[in-house]
Amino acid sequence: MTKPRETTEDKEGEREDEEAKESPPTVGSTAMEPPGGGREEESEDRSRSDVQHDVKDARSQAEAVADQAQYDVPDDAEEHDEKTNVKNSTATVKVLLMPEGHVMTMAFAIGVSIEEIKHHLASELKVPLAVLQLSMNGRVLEEQQSLMELGIRPHSSTQMEMSSSDPSSYPLRLLRPPEHDSMPDVITVRVQKDEGEFKEVVVEIERSKQKKPFLGGYKHRLTRAEFHHAAVQTLPQKRPDRGVLVYSRSTQTVELKSTPQQCSVNTSTQMTGIGCYMSCVNDKLITPGKYITADEYHGRRLNAVICLQSYVRRWLAQKTVDQLRKERIRRLTWFQLQDRKCKEEKEEQLRDRRKRWMNPQSREDFSLLYHALESRPESTEWGWGYRKLVLMCKIFLSCLSFSEWRIEEEQLLNSSLRGAERKAALCSLLEQEMQFIAAIGCHHINVDANNHEKRIRNFLNKSAASHQWQSATGRLFEMDSVNDIRARELKELYSEISEYPVDQQQRLRFLEKLKSTVMEHECQLVWDISDLIDREVDLLSRQVKEQNLEGLRKRICTLFLQYIKTPAFNPKVTKLLRVHQKPSMLKHNMFFCLSCHHYLCSADFGSSSSGCRRRQCRNCTMLDNIARSRDDDSVYESILRRLRSDEHRLNAESTIPVLLQVEDIRYLTEKVWASCSALNGSRDLYNLVFARWDHQKDWSPWNCILLSKEETSAHIQVEDIHKAYETTFIHWVEQRHSMARQHFRKNPVLTKNLNF
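In short, a report on the structure. Computed from a predicted model, the values in this text were never measured in an experiment. Residue numbers restart at each chain and count upward from 1, following the sequence in its written direction. Only residues with pLDDT of at least 70 are given local features in this predicted model, and only at 80 or more are side-chain atom pairs given and counted; all residues enter the totals for whole chains, interfaces and linings. Note that water and hydrogens are dropped before the side-chain values are worked out from all heavy atoms of the structure.

**Focus: the overall build of the protein chain**
Then, in step 1: On a plain count of helices and strands, the protein chain comes out with 21 helices and 21 strands.
Then, in step 2: Any two residues having at least one pair of non-hydrogen atoms within 4.5 Å are treated as being in contact. A separation of at least 24 residues holds for 58% of the contacts in the protein chain among residues at least 6 apart in sequence.
Then, in step 3: In this description, accessible areas are obtained by the Shrake-Rupley approach with a 1.4 Å probe, and a residue is regarded as covered only by the protein chains that are shown. Put simply, the protein chain shows about 51300 Å² of open surface, and 52% of that area lies on carbon and sulfur atoms. Under the DSSP-based scheme used, a helix requires at least four consecutive residues in state H or I and a strand at least two consecutive residues in state E, with every element numbered from the N terminus.

Now the structure itself:
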C-alpha cells in the first residue's frame with residue numbers, strides 16, 4: 001500500500017502547513033545496495049511503534065515551531081511560513097553501514113536534526129543510540145546540526161556513513177536480507193498538475209506480510225500465455241443505498257399467483273334444429289375400427305421387440321462368425337508358415353550336409369565323411385549321402401558303388417556266410433573300406449594344401465591391418481603405426497615373390513628388392529635367403545626353364561615367410577604367433593600330450609565334461625576318432641548354437657549355455673534323453689532342440705527338456721506344467737533332471753558359478 005507525500009513548487013502556505021502536520025519528519029524505511037551503486041533493498045522488520053512515536057514527536061515539534069513563529073514575529077509571518085515550508089521539504093538520505101557496506105535509503109525532512117535521525121536509525125537497526133556515529137565526507141556530524149545546516153537542498157539526495165563504536169557487541173546489520181526484494185522504500189513521482197505546472201509526490205512503499213490469494217485467471221489460446229487475476233489492497237467501492245432491503249428472505253422467495261385466463265377467440269358447433277337448417281354435403285362419415293385392447297397392444301410391441309432382437313442377434317452372430325473365420329485363417333496361415341519354415345530349415349541342413357559331403361574343407365566336414373563311412377543309413381537322407389560319397393570316391397579312385405556300408409555289410413556277412421567264405425568276404429570288405437579311406441585321405445591332403453595358402457594370406461592380412469576403433473558417435477577411426485607400415489611392406493613383397501609366372505625382368509626386380517630388404521639384418525636366415533636369390537638370378541641368366549625353378553622359388557617363399565614371422569624383423573606378428581617368444585610366458589601354459597608325446601600350449605587341448613583338461617591334444621583326438629569311433633559332432637554343435645541364441649534372447653545374462661561344451665550337449669542328448677524327443681520319441685537329431693522345462697527359471701541341465709521344433713512352440717505356451725502334463729510324465733522328467741544334476745556336479749566350473 002502506498003502513502004503519497006506531496007511537495008509542490010507553488011507557494012500555497014495553508015496546504016503546506018496541513019501536509020507538514022499530517023506527515024512525519026521521516027518518510028520511508030531501510031534499503032540496501034552495494035557501495036558502488038545498484039539495486040536498493042529494504043529491511044523487512046520495521047517497528048511500527050517506534051515509527052509512530054517519531055511521527056508524534058515530529059508533529060508536536062512542528063506545531064511548537066509554528067506557534068512560536070506566530071507569536072514571536074507577527075510582522076514577518078509570510079517569511080516565516082516560507083521558511084517553515086522549506087524545512088518540511090524532504091530529501092533522500094542514503095546511509096552507508098560500515099564496515100558491511102549495506103545502504104539504507106530514507107526520506108527525511110531537511111529540518112530534522114542528526115539526533116532525530118539517529119533515534120530513527122537505532123529503532124530500525126535495534127541497537128542502542130549511544131553506539132551510533134554519523135559522518136559525512138570524513139567529518140563526524142554533531143547531533144544539534146540539521147540537514148539544512150549541512151547544505152542539503154529540498155528534493156535532493158546525499159550519502160552519510162554510519163558506524164558502531166562497539167562493533168563486536170553491536171554490529172550494524174540489516175534485519176532483512178538484501179536479496180528479499182528490489183523495491184525501494186521511497187519513490188518520487190513527478191505528476192503534471194496543470195499545463196506547464198508539475199508537482200513531485202514522494203510515495204512511501206508499505207509491504208504487507210500477508211500472502212495474496214490466488215484468484216484464478218485465463219490462458220491465451222494462441223500464445224498459451226497465462227494471466228492471473230491480481231488482488232488489490234484498496235477496499236472495494238460501496239454500492240449506493242437504494243433504500244430497499246435486498247438481502248432478506250422475502251426478496252429471495254418466489255411468490256406464486258393463480259389467475260384465470262380466457263381466449264380472445266370463441267369456437268362453437270352449429271347443429272340442425274327447429275328453425276335452423278345446416279347442409280350436410282361436406283360432412284364425413286367416420287366408422288370406428290377394430291377395438292384394440294391393452295393386452296393386444298403390448299403383445300404387438302413385444303413381437304416387434306422380438307423381431308428387432310432377432311435381427312440384431314443375427315448381425316452379432318454373423319460378426320462373431322466372421323471374426324472366428326478370420327482367426328482360423330490367420331492361425332492356419334501361421335501353421336503353414338511354421339511348417340514351411342521347418343521344411344526350409346530342414347532343407348537348408350540337408351543342402352549344407354550335401355555341400356560338406358561333396359566338398360569337405362574343414363575337420364568337421366571330414367569327420368562327417370568318416371561318420372557316414374562307418375554308420376548305417378537310417379533314412380533316405382543318409383542313403384542320398386552315401387550315393388554322393390560313392391560318387392566322390394569314383395572321382396578319386398574310380399571304385400565301385402555301394403548302397404549300404406560297413407556295419408550293415410558285416411551284419412549281412414555274419415548272418416549269411418560261415419567259415420572261409422565269411423573271412424574272404426570280410427577281407428574284401430576291408431580292402432574296399434581302405435580304398436574309401438585312401439580316397440578321403442587324398443582329398444584331405446589337397447584341401448590342406450589349398451587351405452595352407454589361405455592361412456598364409458589371412459596371417460599376412462592380420463599382421464598388416466591398421467589399428468581401428470569406434471568413437472562415441474559411431475565413426476570408425478584408423479591409425480597406422482611404424483610396425484603396421486613395416487608389416488604392410490613385407491606383405492606386398494611376399495605377394496610379389498609368390499606371384500608367377502611373371503616376366504624375367506620383373507622377376508629380377510622383385511628379387512633385387514627382396515635382397516635389399518632382408519640384408520638390413522645379419523643372421524643365418526638372411527644369408528640363406530641371399531644365397532637362394534643369387535642362385536635363382538644365376539639360373540635366370542642361363543635361361544633355365546620355369547618348371548625347373550619352381551622348387552627353388554618355393555624355398556625362397558618359405559624362408560621369406562619365416563623371416564616375416566620373426567618378431568625381430570616384423571614386430572607386428574608378436575601377438576599373432578601361437579607360441580609367445582618370451583620363455584616366461586610359457587611357464588604355466590605348456591602341457592604334455594600322452595599320445596604324440598609333445599609339449600603343446602593350452603589352446604591345443606580341449607576341456608572334458610568333467611571340467612578337467614584332456615590328456616590328448618586336439619590332433620590326437622581327431623585321429624583317434626577317425627580310427628575308432630568316427631563320431632560326428634556337427635549336429636550337437638547346431639543344437640548348442642540354437643540353445644545359446646534362444647537363451648540370449650530370453651535372458652542376456654544367462655551363463656550356463658555359455659559354459660557348456662559340445663561334449664556336454666552330447667551327454668545330455670545321448671545319455672540323459674536317449675537321443676529322442678520326450679513327447680513323441682522322434683529320433684531325428686536335426687529336428688531336436690532343448691527348451692526350458694519351467695519357463696519362469698533360467699535354462700540349466702536340470703531345467704530342460706528335449707523336444708522337436710514343432711513341440712517346442714507348443715510347450716512354450718504352457719503356463720502350468722502340472723496342469724498340462726500327467727503326473728507320471730512329470731516324475732519321468734524329474735528323474736532325467738536328477739541324472740543331469742548328478743553328472744554336472746563333477747564339473748568344477750559349473751560348481752563355482754552355479755548354486756546346486
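We are not done yet, so read on.
**Re helix 18 (residues 709–716)**
Then, in step 1: Listing the buried residues of helix 18 in full gives Lys709, Glu711, Thr712 and His715. When helix 18 is viewed along its axis, its buried side chains cluster within an angular range of 150 degrees and face the same direction. Residue burial is assigned from relative accessible area. The probe radius is 1.4 Å, only protein chains are included, and a residue is buried under 20% of its type maximum, exposed over 50%, and partly exposed in between. Working definition: the arc comes from the directions between the helix axis and the C-beta atoms, pointing outward to the latter.

**Quick look at a nonpolar patch on the surface**
Then, in step 1: Residues Val244, Val246 and Tyr247 make up a contiguous nonpolar surface patch of about 350 Å² in total accessible area.
Then, in step 2: Structurally, Tyr247 can be placed in the loop between strand 13 (226–228) and helix 5 (294–358). To count toward a patch, a residue needs a relative accessible area above 30% and no salt bridge. Like charges then connect within 9 Å, nonpolar side chains (Val, Leu, Ile, Met, Phe, Trp, Tyr) within 5 Å. For salt bridges, the criterion is a side-chain nitrogen of Lys or Arg within 4 Å of an Asp or Glu carboxyl oxygen.

**Describing the nonpolar core**
Then, in step 1: Residues enter a nonpolar core if they are buried and are Ala, Val, Leu, Ile, Met, Phe, Trp, Tyr or Cys, with the set joined through side-chain atoms within 4.5 Å. Of all hydrophobic cores here, the largest spans 33 residues; its most connected members are Ile665, Trp673, Phe690, Trp693, Trp699 and Ile705.
Then, in step 2: Looking at this core, the elements that each hand over two or more residues are helix 15 (634–650), helix 17 (662–672), strand 20 (688–692), strand 21 (704–708) and helix 20 (727–744).
Then, in step 3: Look past the residues within four positions of Ile705 in its chain and what remains in contact with it is Trp673, Ala678, Val689, Phe690, Ala691, Arg692, Trp693, His715 and Phe729.
Then, in step 4: Judged by nonpolar contacts, the second largest core, of 29 residues, contains Ile456, Leu540, Leu552 and Cys557.

**A closer look at the packing of helix 15 against helix 17**
Then, in step 1: A fitted line through C-alpha atoms represents every axis, and for helices the fit uses only the stretch in contact; the resulting angles, taken between N-to-C directions, go from 0 to 180 degrees. In contact at an axis separation of 9 Å, helix 15 and helix 17 are set at 100 degrees when each is read in the N-to-C sense. By the angle between their directions, the pair helix 15 and helix 17 is classed as roughly perpendicular. Contact residues: helix 15 offers Tyr636, Glu637, Ile639, Leu640 and Leu643, while helix 17 offers Val662, Ile665, Arg666, Thr669 and Glu670. Angle categories are assigned with fixed cut-offs, so that under 35 degrees is roughly parallel, over 145 is roughly antiparallel, 65 to 115 is roughly perpendicular, and the rest are oblique.

**Regarding the environment of Val662**
Then, in step 1: With respect to the element layout, Val662 can be found in helix 17.
Then, in step 2: The buried category is assigned to Val662, whose relative accessible area is 18%.
Then, in step 3: In this structure, the C-alpha to C-alpha distance between Val662 and Ile639, residues 23 residues apart in sequence, is 8.9 Å.
Then, in step 4: If near-sequence neighbours (up to four positions away) are discounted, Val662 is found in contact with Asp633, Tyr636, Glu637 and Leu640.

**Re the state of the cysteines**
Throughout this description, disulfide means a covalent bond between two cysteine sulfur atoms.
Then, in step 1: Criterion for a disulfide: a pair of cysteine sulfur atoms within 2.5 Å. Applying the stated criterion across every chain yields a total of 0 disulfides.
Then, in step 2: With no disulfide of its own, Cys593 has Cys596 as its nearest cysteine by sulfur position, at a separation of 3.4 Å.

**Observations concerning the pattern of salt bridges**
Then, in step 1: Counting across every chain of the model gives 21 salt bridges.
Then, in step 2: The shortest N-O distance in the salt bridge between Asp480 and Arg488 comes to 3.3 Å.
Then, in step 3: For Asp480, a relative accessible area of 41% translates into the label partly exposed.
Then, in step 4: In this structure, Glu550 engages Lys554 in a salt bridge whose closest nitrogen and oxygen atoms are separated by 3.7 Å. One end of the pair is Glu550 and the other is Lys554, both in helix 13 (residues 550–564) and 4 residues apart, which spans about a single turn.
Then, in step 5: Shared partners join several salt bridges into a network, and the residues in it are Arg507, Glu536, Glu546 and Arg553.

**Things to note about unusual backbone geometry**
Then, in step 1: Although it is not a glycine, Gln543 sits at a positive phi angle of roughly 60 degrees.
Then, in step 2: Tracing the chain through its elements places Gln543 in the loop between helix 12 (524–541) and helix 13.
Then, in step 3: With a relative accessible area of 59%, Gln543 lands in the exposed category.
Then, in step 4: With a phi angle near 55 degrees, Ser675 is a residue other than glycine that sits in the positive phi range.
Then, in step 5: Position of Ser675 relative to the elements: it lies in the loop between helix 17 and strand 20.

**Focus on the side chain of Ser113**
Then, in step 1: Tracing the backbone shows Ser113 in the loop between strand 6 (102–109) and helix 4 (114–125).
Then, in step 2: Excluding residues within four positions of it along the chain, Ser113 makes contact with Glu143, Gln144, Gln145 and Ser146.

**A few points about the packing of aromatic side chains**
The geometry of an aromatic ring pair comes down to the distance between the two centres and the angle between the two planes.
Then, in step 1: Under the pairing criterion, centres of Phe, Tyr and Trp rings, with the six-membered ring standing for Trp, must be within 6.5 Å; the plane angle then separates stacked pairs below 30 degrees from edge-to-face pairs above 60, leaving the rest tilted. This model, assessed by the stated rule, comprises 13 aromatic pairs.
Then, in step 2: Note on Tyr494 and Phe560: the rings are 6.3 Å apart at their centroids and 15 degrees apart in plane angle, and the pair reads as stacked. With Tyr494 in helix 10 (residues 482–498) and Phe560 in helix 13, this pair connects stretches of sequence that are 66 residues apart.
Then, in step 3: Members of the aromatic cluster, each reached through a chain of ring pairs, are Trp673, Trp693, Tyr725, Phe729 and Trp732.

**Regarding the pairing of strand 21**
Successive residues of a regular strand alternate their side chains across the two faces of the sheet.
Then, in step 1: Counting buried residues in strand 21 gives 5 out of 5 residues, a clear majority hidden from the surface.
Then, in step 2: Side chains Cys704, Leu706 and Ser708 project from strand 21 onto one buried face, and the interleaved Ile705 and Leu707 project onto a second face that is buried too.
Then, in step 3: When DSSP finds two or more bridges between a pair of strands, those strands are recorded as paired. In this sheet, strand 21 lies alongside strand 20 in antiparallel orientation, the contact comprising 5 bridges. When the bridges of strand 21 are listed, Ala691 appears paired with Ile705.

**Structural notes on the environment of His737**
Then, in step 1: Among the structural elements, His737 can be located in helix 20.
Then, in step 2: As for His737 and Ile705, which are separated by 32 residues in sequence, their C-alpha atoms are 8.9 Å apart.
Then, in step 3: Distance and chemistry together define a polar contact, namely a pair of N or O atoms within 3.5 Å, with one atom able to donate a hydrogen and the other to accept it when in protein, and with adjacent residues in sequence counting only for side-chain atoms on both sides. At a separation of 3.2 Å, a polar atom in the side chain of His737 contacts the main-chain carbonyl oxygen of Trp702.

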